[in-house]
Amino acid sequence: YKPNDKERDIYVCEKRADGTWSPPIHTGRILNSPGDEYSPFLSADNRTLYFASNGRPGYGDVDIFMSRRLSDGWKLWSEPVNLGLGINTVGFDAYYTIPASGEYGYMVSNINSHGLTDIIRFRLPEEVKPDPVILVGGKVLNAKTQRPLEAVIRFDDLNSGREVGEARSDPRSGDYRIVLTSGKNYGYHAAAPGYLSVSENLELRDIAEYGEMRKDLLLVPIEVGESIQLKNVFFAQSKSVLLPESYPELDRLVRIMKDNMTVEIQLEGHTDGRGDPKANLELSEQRVNAVKEYLVSKGIAEHRIVGKGFGGSRPKFANDTEEHRRLNRRVEFKITKK
(Lines give C-alpha, C1' and ligand atoms only; values in the text may rest on other atoms or scores of the structure.)
Protein backbone atom coordinates (compact mmCIF):
# COMPACT_ATOMS: atom_id res chain seq x y z
CA TYR A 1 0.00 0.00 0.00
CA LYS A 2 1.52 3.34 -1.07
CA PRO A 3 -0.42 6.30 0.43
CA ASN A 4 0.24 9.86 -0.80
CA ASP A 5 3.03 8.74 -3.17
CA LYS A 6 5.33 7.94 -0.23
CA GLU A 7 7.26 4.74 0.27
CA ARG A 8 5.28 1.50 0.37
CA ASP A 9 4.29 0.14 3.78
CA ILE A 10 2.34 -2.92 4.88
CA TYR A 11 -1.26 -2.44 6.02
CA VAL A 12 -3.98 -4.86 7.10
CA CYS A 13 -7.78 -4.72 6.82
CA GLU A 14 -9.88 -6.64 9.35
CA LYS A 15 -13.15 -8.32 8.44
CA ARG A 16 -16.00 -7.03 10.60
CA ALA A 17 -18.84 -9.14 12.02
CA ASP A 18 -21.20 -7.83 9.31
CA GLY A 19 -18.85 -8.99 6.53
CA THR A 20 -17.49 -5.54 5.63
CA TRP A 21 -13.82 -4.58 5.89
CA SER A 22 -12.17 -1.99 8.11
CA PRO A 23 -10.08 0.87 6.68
CA PRO A 24 -6.37 -0.04 6.20
CA ILE A 25 -4.49 -0.35 9.51
CA HIS A 26 -0.77 0.48 9.46
CA THR A 27 1.35 -2.37 10.85
CA GLY A 28 3.78 -0.09 12.69
CA ARG A 29 7.37 1.10 12.70
CA ILE A 30 8.96 -2.21 13.72
CA LEU A 31 7.80 -3.90 10.55
CA ASN A 32 8.11 -1.00 8.10
CA SER A 33 11.39 0.70 7.11
CA PRO A 34 12.11 4.07 5.44
CA GLY A 35 12.17 2.17 2.14
CA ASP A 36 9.55 0.04 0.37
CA GLU A 37 7.88 -3.04 1.90
CA TYR A 38 5.66 -5.15 -0.34
CA SER A 39 4.49 -8.66 -1.35
CA PRO A 40 3.50 -9.58 2.25
CA PHE A 41 2.52 -13.20 2.94
CA LEU A 42 0.97 -14.24 6.26
CA SER A 43 1.55 -17.95 6.85
CA ALA A 44 -1.10 -20.44 7.93
CA ASP A 45 -0.23 -19.98 11.61
CA ASN A 46 -1.69 -16.42 11.32
CA ARG A 47 1.35 -14.85 13.00
CA THR A 48 4.48 -15.44 10.87
CA LEU A 49 4.80 -12.80 8.15
CA TYR A 50 7.17 -12.90 5.19
CA PHE A 51 7.68 -9.75 3.11
CA ALA A 52 10.08 -8.09 0.69
CA SER A 53 11.97 -4.88 1.51
CA ASN A 54 14.57 -2.62 -0.04
CA GLY A 55 14.90 -0.42 3.06
CA ARG A 56 16.94 -2.77 5.26
CA PRO A 57 20.47 -4.18 5.08
CA GLY A 58 20.49 -7.11 2.68
CA TYR A 59 22.25 -8.95 -0.10
CA GLY A 60 20.65 -7.47 -3.22
CA ASP A 61 18.15 -4.98 -4.61
CA VAL A 62 15.24 -6.49 -2.66
CA ASP A 63 15.41 -9.20 0.02
CA ILE A 64 12.81 -11.29 1.84
CA PHE A 65 12.40 -10.87 5.61
CA MET A 66 10.45 -12.68 8.32
CA SER A 67 8.72 -11.26 11.42
CA ARG A 68 6.34 -12.79 13.98
CA ARG A 69 3.22 -11.10 15.36
CA LEU A 70 3.59 -10.81 19.16
CA SER A 71 0.00 -9.96 20.12
CA ASP A 72 -3.55 -10.30 18.85
CA GLY A 73 -3.23 -6.85 17.26
CA TRP A 74 -1.24 -5.85 14.17
CA LYS A 75 1.34 -3.34 15.44
CA LEU A 76 3.54 -5.40 17.76
CA TRP A 77 6.06 -7.49 15.79
CA SER A 78 9.42 -9.11 16.35
CA GLU A 79 12.41 -7.41 14.71
CA PRO A 80 12.39 -8.52 11.03
CA VAL A 81 15.01 -11.17 10.17
CA ASN A 82 16.65 -11.47 6.75
CA LEU A 83 16.12 -15.02 5.43
CA GLY A 84 19.80 -15.13 4.57
CA LEU A 85 22.08 -15.71 1.60
CA GLY A 86 21.04 -19.03 0.15
CA ILE A 87 17.45 -17.81 -0.05
CA ASN A 88 18.07 -14.15 -0.81
CA THR A 89 20.46 -13.31 -3.67
CA VAL A 90 22.31 -10.27 -5.00
CA GLY A 91 19.34 -9.56 -7.26
CA PHE A 92 15.57 -9.12 -6.88
CA ASP A 93 13.84 -11.57 -4.49
CA ALA A 94 10.16 -11.12 -3.58
CA TYR A 95 6.62 -12.56 -3.76
CA TYR A 96 7.36 -15.24 -1.21
CA THR A 97 4.67 -17.85 -0.37
CA ILE A 98 4.63 -20.99 1.74
CA PRO A 99 2.12 -23.86 1.94
CA ALA A 100 0.56 -24.95 5.24
CA SER A 101 3.14 -27.72 5.66
CA GLY A 102 5.91 -25.12 6.06
CA GLU A 103 8.60 -27.34 4.56
CA TYR A 104 9.24 -25.41 1.34
CA GLY A 105 8.99 -21.78 0.31
CA TYR A 106 8.34 -20.34 -3.13
CA MET A 107 9.49 -16.97 -4.45
CA VAL A 108 10.31 -14.94 -7.53
CA SER A 109 13.97 -14.18 -8.38
CA ASN A 110 15.85 -12.68 -11.34
CA ILE A 111 19.17 -14.49 -10.69
CA ASN A 112 20.10 -17.17 -13.28
CA SER A 113 16.57 -16.98 -14.62
CA HIS A 114 15.33 -18.21 -17.99
CA GLY A 115 13.49 -14.93 -18.52
CA LEU A 116 13.07 -11.70 -16.60
CA THR A 117 12.23 -13.59 -13.38
CA ASP A 118 11.60 -17.23 -12.42
CA ILE A 119 9.72 -19.07 -9.66
CA ILE A 120 12.11 -20.71 -7.21
CA ARG A 121 11.38 -23.42 -4.63
CA PHE A 122 13.64 -23.97 -1.61
CA ARG A 123 13.64 -25.83 1.69
CA LEU A 124 13.03 -23.58 4.70
CA PRO A 125 15.58 -23.42 7.53
CA GLU A 126 14.09 -24.37 10.92
CA GLU A 127 14.64 -20.93 12.46
CA VAL A 128 12.42 -19.14 9.93
CA LYS A 129 9.65 -21.74 9.63
CA PRO A 130 6.15 -20.76 10.75
CA ASP A 131 4.61 -22.45 13.78
CA PRO A 132 3.24 -25.94 13.01
CA VAL A 133 -0.40 -26.15 11.96
CA ILE A 134 -2.93 -28.91 11.44
CA LEU A 135 -5.02 -29.08 8.28
CA VAL A 136 -8.47 -30.36 9.32
CA GLY A 137 -10.83 -31.52 6.62
CA GLY A 138 -13.52 -34.00 5.73
CA LYS A 139 -17.16 -34.19 4.67
CA VAL A 140 -20.44 -33.02 6.19
CA LEU A 141 -23.19 -35.57 5.52
CA ASN A 142 -26.84 -36.22 6.35
CA ALA A 143 -26.59 -38.96 9.00
CA LYS A 144 -29.60 -40.84 7.57
CA THR A 145 -29.11 -40.54 3.81
CA GLN A 146 -25.30 -40.04 3.72
CA ARG A 147 -25.85 -37.24 1.21
CA PRO A 148 -23.62 -34.11 1.28
CA LEU A 149 -24.81 -31.10 3.27
CA GLU A 150 -23.96 -27.43 3.18
CA ALA A 151 -23.07 -26.49 6.76
CA VAL A 152 -21.13 -23.87 8.66
CA ILE A 153 -18.34 -25.26 10.86
CA ARG A 154 -17.09 -22.86 13.53
CA PHE A 155 -13.92 -23.40 15.55
CA ASP A 156 -13.36 -21.98 19.05
CA ASP A 157 -10.34 -21.66 21.29
CA LEU A 158 -11.81 -23.35 24.38
CA ASN A 159 -9.46 -21.53 26.74
CA SER A 160 -10.43 -18.02 25.65
CA GLY A 161 -13.94 -18.81 24.39
CA ARG A 162 -13.16 -16.89 21.18
CA GLU A 163 -14.11 -18.06 17.71
CA VAL A 164 -10.89 -18.56 15.72
CA GLY A 165 -12.09 -19.79 12.36
CA GLU A 166 -14.99 -20.76 10.16
CA ALA A 167 -15.37 -23.19 7.26
CA ARG A 168 -18.33 -23.83 4.97
CA SER A 169 -18.85 -27.24 3.40
CA ASP A 170 -19.44 -27.58 -0.34
CA PRO A 171 -23.16 -28.43 -0.92
CA ARG A 172 -22.26 -30.70 -3.84
CA SER A 173 -19.54 -32.77 -2.17
CA GLY A 174 -19.84 -31.95 1.54
CA ASP A 175 -16.10 -31.16 1.64
CA TYR A 176 -14.63 -28.61 4.06
CA ARG A 177 -11.10 -27.63 5.13
CA ILE A 178 -9.59 -25.34 7.75
CA VAL A 179 -6.10 -24.71 9.16
CA LEU A 180 -5.64 -24.64 12.97
CA THR A 181 -2.49 -23.59 14.81
CA SER A 182 -0.91 -25.90 17.38
CA GLY A 183 -0.70 -25.31 21.12
CA LYS A 184 -4.43 -24.93 21.79
CA ASN A 185 -7.51 -26.95 22.67
CA TYR A 186 -10.27 -26.38 20.12
CA GLY A 187 -13.96 -27.03 20.01
CA TYR A 188 -15.65 -27.21 16.64
CA HIS A 189 -19.32 -27.07 15.80
CA ALA A 190 -21.15 -27.89 12.56
CA ALA A 191 -24.67 -26.55 11.99
CA ALA A 192 -27.21 -26.57 9.16
CA PRO A 193 -30.88 -25.49 9.19
CA GLY A 194 -33.19 -28.39 10.11
CA TYR A 195 -30.40 -30.50 11.63
CA LEU A 196 -29.01 -31.07 15.08
CA SER A 197 -25.58 -29.56 15.37
CA VAL A 198 -22.47 -31.67 15.93
CA SER A 199 -19.63 -30.67 18.26
CA GLU A 200 -16.25 -32.15 19.07
CA ASN A 201 -13.04 -30.98 20.69
CA LEU A 202 -9.51 -31.21 19.28
CA GLU A 203 -6.50 -31.27 21.59
CA LEU A 204 -3.59 -29.73 19.64
CA ARG A 205 -1.45 -28.56 22.57
CA ASP A 206 1.42 -30.94 21.93
CA ILE A 207 1.57 -30.85 18.13
CA ALA A 208 5.19 -30.27 17.10
CA GLU A 209 4.97 -30.56 13.31
CA TYR A 210 2.58 -30.13 10.41
CA GLY A 211 -0.16 -32.73 10.10
CA GLU A 212 -3.47 -33.43 8.41
CA MET A 213 -6.57 -34.69 10.20
CA ARG A 214 -9.79 -36.05 8.70
CA LYS A 215 -13.08 -35.38 10.51
CA ASP A 216 -16.28 -36.42 8.75
CA LEU A 217 -19.34 -34.82 10.38
CA LEU A 218 -22.78 -36.48 10.36
CA LEU A 219 -25.72 -34.17 11.04
CA VAL A 220 -28.95 -35.70 12.34
CA PRO A 221 -32.27 -34.27 11.07
CA ILE A 222 -34.31 -32.61 13.82
CA GLU A 223 -36.83 -35.32 14.73
CA VAL A 224 -38.49 -36.30 18.01
CA GLY A 225 -36.44 -38.92 19.86
CA GLU A 226 -33.11 -37.96 18.28
CA SER A 227 -30.36 -37.19 20.80
CA ILE A 228 -26.89 -35.69 20.67
CA GLN A 229 -24.02 -35.45 23.12
CA LEU A 230 -22.75 -32.07 24.33
CA LYS A 231 -19.09 -32.98 23.95
CA ASN A 232 -17.58 -29.70 25.04
CA VAL A 233 -19.31 -29.41 28.41
CA PHE A 234 -16.89 -29.67 31.33
CA PHE A 235 -17.33 -29.73 35.10
CA ALA A 236 -15.01 -29.37 38.06
CA GLN A 237 -13.86 -32.84 39.14
CA SER A 238 -16.59 -34.72 41.06
CA LYS A 239 -18.69 -31.53 41.23
CA SER A 240 -21.59 -29.96 39.38
CA VAL A 241 -19.80 -26.64 38.79
CA LEU A 242 -19.65 -25.73 35.08
CA LEU A 243 -16.20 -24.72 33.85
CA PRO A 244 -15.90 -21.64 31.59
CA GLU A 245 -14.68 -23.86 28.72
CA SER A 246 -18.30 -25.11 28.53
CA TYR A 247 -19.84 -21.75 27.65
CA PRO A 248 -19.22 -21.74 23.85
CA GLU A 249 -20.90 -25.17 23.54
CA LEU A 250 -23.88 -24.22 25.70
CA ASP A 251 -24.25 -20.88 23.93
CA ARG A 252 -24.63 -22.78 20.67
CA LEU A 253 -27.39 -24.92 22.19
CA VAL A 254 -29.05 -21.65 23.24
CA ARG A 255 -28.85 -20.44 19.62
CA ILE A 256 -30.32 -23.73 18.33
CA MET A 257 -33.28 -23.44 20.71
CA LYS A 258 -33.81 -19.78 19.83
CA ASP A 259 -33.66 -20.63 16.12
CA ASN A 260 -36.18 -23.46 16.66
CA MET A 261 -38.68 -21.93 19.09
CA THR A 262 -40.99 -24.97 19.19
CA VAL A 263 -38.26 -27.48 20.06
CA GLU A 264 -38.32 -28.92 23.59
CA ILE A 265 -35.53 -31.09 25.01
CA GLN A 266 -34.68 -33.48 27.78
CA LEU A 267 -31.20 -33.07 29.25
CA GLU A 268 -29.65 -36.37 30.34
CA GLY A 269 -26.65 -36.64 32.67
CA HIS A 270 -24.37 -39.67 32.92
CA THR A 271 -21.37 -40.60 35.08
CA ASP A 272 -18.93 -43.50 34.88
CA GLY A 273 -19.55 -46.63 36.91
CA ARG A 274 -17.05 -46.05 39.71
CA GLY A 275 -18.10 -45.25 43.27
CA ASP A 276 -21.45 -45.29 45.01
CA PRO A 277 -24.39 -45.62 42.55
CA LYS A 278 -26.60 -43.33 44.66
CA ALA A 279 -23.92 -40.61 44.78
CA ASN A 280 -23.38 -40.96 41.01
CA LEU A 281 -27.12 -40.56 40.40
CA GLU A 282 -27.22 -37.41 42.52
CA LEU A 283 -24.14 -35.97 40.80
CA SER A 284 -25.62 -36.60 37.33
CA GLU A 285 -28.86 -34.87 38.36
CA GLN A 286 -26.97 -31.90 39.80
CA ARG A 287 -24.94 -31.52 36.62
CA VAL A 288 -28.07 -31.62 34.46
CA ASN A 289 -29.61 -28.95 36.68
CA ALA A 290 -26.48 -26.79 36.29
CA VAL A 291 -26.80 -26.99 32.50
CA LYS A 292 -30.52 -26.25 32.66
CA GLU A 293 -29.93 -23.21 34.89
CA TYR A 294 -27.35 -21.89 32.40
CA LEU A 295 -29.76 -22.25 29.47
CA VAL A 296 -32.57 -20.56 31.39
CA SER A 297 -30.22 -17.72 32.37
CA LYS A 298 -29.64 -17.13 28.65
CA GLY A 299 -33.34 -16.68 27.89
CA ILE A 300 -34.62 -20.21 27.20
CA ALA A 301 -38.05 -20.79 28.76
CA GLU A 302 -37.86 -23.27 31.62
CA HIS A 303 -40.82 -25.33 30.37
CA ARG A 304 -38.83 -26.23 27.22
CA ILE A 305 -36.20 -28.13 29.22
CA VAL A 306 -36.59 -31.28 31.31
CA GLY A 307 -33.59 -32.66 33.20
CA LYS A 308 -32.92 -36.26 34.18
CA GLY A 309 -29.86 -37.95 35.71
CA PHE A 310 -28.98 -41.59 35.06
CA GLY A 311 -25.78 -41.91 37.08
CA GLY A 312 -23.68 -44.76 35.67
CA SER A 313 -26.62 -46.92 34.59
CA ARG A 314 -26.31 -46.22 30.86
CA PRO A 315 -22.63 -46.50 29.90
CA LYS A 316 -21.63 -46.23 26.25
CA PHE A 317 -18.47 -48.25 26.92
CA ALA A 318 -17.24 -50.69 29.51
CA ASN A 319 -15.71 -48.87 32.49
CA ASP A 320 -12.42 -50.73 31.98
CA THR A 321 -10.07 -47.89 31.00
CA GLU A 322 -9.72 -44.22 31.94
CA GLU A 323 -10.54 -43.21 28.36
CA HIS A 324 -13.76 -45.28 28.40
CA ARG A 325 -14.72 -43.85 31.78
CA ARG A 326 -14.14 -40.33 30.44
CA LEU A 327 -16.43 -41.04 27.49
CA ASN A 328 -19.11 -42.39 29.80
CA ARG A 329 -19.13 -39.11 31.76
CA ARG A 330 -21.32 -37.01 29.49
CA VAL A 331 -24.34 -34.75 29.10
CA GLU A 332 -26.77 -35.39 26.23
CA PHE A 333 -29.99 -33.79 25.10
CA LYS A 334 -32.94 -35.51 23.43
CA ILE A 335 -35.58 -33.78 21.33
CA THR A 336 -39.01 -34.38 22.88
CA LYS A 337 -40.93 -31.91 20.70
CA LYS A 338 -40.02 -30.18 17.45
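Going by the structure above, here's the rest.
Just so it is clear, the structure is predicted and the values come from calculations on it, not from any experiment.

Caption draft 1: Focus on the nonpolar core. Within the largest apolar cluster, 45 residues are counted, with the highest numbers of intra-cluster contacts made by Ile 153, Leu 219, Ile 265, Val 291 and Leu 295. Take this core: its biggest share by element is five residues, from helix H2 (residues 277-297). Core analysis: the second largest hydrophobic core is formed by eleven residues, Tyr 50, Met 107, Phe 122 and Leu 124 among them.

Caption draft 2: Region of the structure containing the pattern of salt bridges. The full count for this structure, using the stated rule, is 23 salt bridges. A salt bridge links Asp 170 to Arg 172; the nearest nitrogen and oxygen atoms lie 3.4 Å apart. Asp 170 sits in the partly exposed class, given a relative accessible area of 24%. The class for Arg 172 is exposed, based on a relative accessible area of 73%. One salt bridge in this structure joins Glu 322 and Arg 325, with 3.4 Å as the shortest N-O distance.

Caption draft 3: Layout of the packing of helix H1 (residues 247-259) against H2. At their nearest, the axes of H1 and H2 sit 10 Å apart, and the two run at 60° to each other. Judged on the interaxial angle alone, H2 and H1 are oblique. Crossing angle aside, the handedness with which H1 passes H2 is right-handed. Contacts between H1 and H2 involve Tyr 247, Leu 250, Asp 251, Leu 253 and Val 254 on the former and, on the latter, Val 291, Tyr 294 and Leu 295.

Caption draft 4: Here's a closer look at the sheet that holds strand E14 (residues 185-191). Read from one edge to the other, the open sheet built from four strands follows the order E12-E11-E14-E16, with strand pairing classed as antiparallel. The strands lining the two open edges of the sheet, one partner per strand, are strand E12 (162-168) and strand E16 (198-203). Strand-to-strand twist in this sheet, taken as the mean axis angle between neighbours without regard to direction, amounts to 20°. Two elements, strand E11 (residues 152-157) and E12, share six bridges in a ladder whose sense is antiparallel. In the sheet register, Asp 156 faces E12, and the bridge partner there is Glu 163. Helix-sheet contacts for H1 involve E11, E14 and E16, and the interaxial angle to E11 is about 150°.

About the thresholds
Residues numbered from 1 in each chain as written. Predicted model: local features only at pLDDT ≥ 70, side-chain atom pairs only at ≥ 80, totals over all residues. Heavy atoms only, no water. Core = buried A, V, L, I, M, F, W, Y, C linked by side-chain atoms within 4.5 Å. Buried < 20%, exposed > 50% of the residue type's maximum accessible area, 1.4 Å probe, protein only. Helix = DSSP H or I, 4+ residues; strand = E, 2+ residues; numbered from the N terminus. Salt bridge = Lys/Arg side-chain N within 4 Å of Asp/Glu carboxyl O. Axes fitted to C-alpha atoms, helices over the stretch in contact; angles between N-to-C directions. Parallel < 35°, antiparallel > 145°, perpendicular 65-115°, else oblique. Left-handed = near helix turned anticlockwise from the far one by under 90°. Contact = heavy atoms within 4.5 Å. Pairing = 2+ DSSP bridges.

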